[in-house]
Amino acid sequence: MERESVHDRALSRIPFDPRDARIVESMSRWMGLLGRFQVLAGGALMLTVMGIAIAYGTTEALATPSAAQAADATPPLITLGEVTLEMLLGVGIAVSLLGALLLWGGVMLIDGAEDLERVVHGDELDRHHLENALRRVRGYYRIEALFTLLALAALLAWALPGWA
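Residues numbered from 1 in each chain as written. Predicted model: local features only at pLDDT ≥ 70, side-chain atom pairs only at ≥ 80, totals over all residues. Heavy atoms only, no water.

J.: Please give an account of the overall build of the chain that cites residues and values.
T.: A count of helices and strands for the chain gives 5 helices and 0 strands. Ordered by position from N to C terminus, the α and β elements of the chain give α-α-α-α-α. Here the chain, with 164 residues, has 20% of them falling under the buried criterion. Contacts in the chain between residues at least 24 apart in sequence constitute 83% of all its contacts with a sequence separation of at least 6. As displayed, the chain offers around 12,400 Å² of accessible surface, 68% of which is attributable to carbon and sulfur atoms. (Helix = DSSP H or I, 4+ residues; strand = E, 2+ residues; numbered from the N terminus. Buried < 20%, exposed > 50% of the residue type's maximum accessible area, 1.4 Å probe, protein only. Contact = heavy atoms within 4.5 Å. Areas by Shrake-Rupley, 256 points an atom, 1.4 Å probe, with all protein chains shown as cover.)

J.: Outline the nonpolar core, listing residues and values.
T.: Side chains of a nonpolar character, in soluble globular proteins, are inclined to be buried together. Residues A21, V24, M31, L101, M108, L109, A113, L116, V120, A133, Y140 and I143 constitute the largest nonpolar core, which totals 12 residues. Every element with two or more residues in this core is listed here: helix 2 (18–62), helix 4 (85–121) and helix 5 (126–159). It is helix 4 that provides the largest number of residues to this core, a total of 6 residues. The residues touching M108, leaving out its near neighbours within four places in the chain, are R136, G139, Y140 and I143. (Core = buried A, V, L, I, M, F, W, Y, C linked by side-chain atoms within 4.5 Å.)

J.: Report on the side chain of Q38, specifying residues and quantitative values.
T.: On the secondary structure map, Q38 appears in helix 2. Its relative accessible area of 8% is what places Q38 among the buried residues. In contact with Q38, other than residues within four places in its own chain, are L102, L103, G105, G106, L109, Y140 and E144.

J.: Describe a nonpolar patch on the surface, with residues and values.
T.: Taken together, the side chains of W30, L33, F37 and L40 make up a nonpolar region of the molecular surface, amounting to roughly 490 Å² of accessible area. With respect to the element layout, L40 can be found in helix 2. On the basis of relative accessibility, which here comes to 60%, the residue L40 falls in the exposed class. (Patch = residues over 30% accessible without salt bridge, like charges linked within 9 Å, V, L, I, M, F, W, Y side chains within 5 Å. Salt bridge = Lys/Arg side-chain N within 4 Å of Asp/Glu carboxyl O.)

J.: Break down the pattern of salt bridges for me, citing the residues and quoting the values.
T.: When their charged atoms lie close together, side chains carrying opposite charge are able to pair. With the rule as written, the count across this model stands at 2 salt bridges. A salt bridge links R118 to D115; the nearest nitrogen and oxygen atoms lie 2.7 Å apart. Taken together, the residues span about one helical turn, with R118 and D115 both in helix 4 at a distance of 3 residues. Of the residues examined, R118 reaches a relative accessible area of 38% and is grouped as partly exposed. A relative accessible area of 2% places D115 in the buried class. The shortest N-O distance in the salt bridge between D115 and R136 comes to 2.2 Å. Here R136 lies in helix 5 and D115 lies in helix 4, a separation of 21 residues in the sequence. Look at R136 and you get partly exposed, because its relative accessible area is 27%.

Purely spatial values, then, with no claim about function.
Laid out in structure tokens, this is it:
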């Protein structure tokens, strides 16, 4: 890494007027709040999928019907189609991926918000913190674009016959 010259350090402080500083500070608070909600939602989704997988695995391991019980069982009144283990696995992976994307995007927003706070309340290196904040916001929007593309692909797979 190169050493900064005296001229670069002098230009590292961005002169914000009080109104602009309040706008940046408000933006960082909202970014941090949204990021925390996304981290909670992503973590809850991932924990839910893991909990369901553990519950399903333990009930399958504990509830192995004997041949006499299987013959005596009455058929269900309504059947919605056969749900296979592969289908459940696919849905579980998709929801886990969604949770991971939410979690990752939330972390990016929180980090970007902290960098913007440093811009407003720091004494120097504003340009560096602003660059980091913008880089993290760019990463967040890339994650959101990936999520949108995945959602559109899932919608097409569901809507178009023969895709699924």
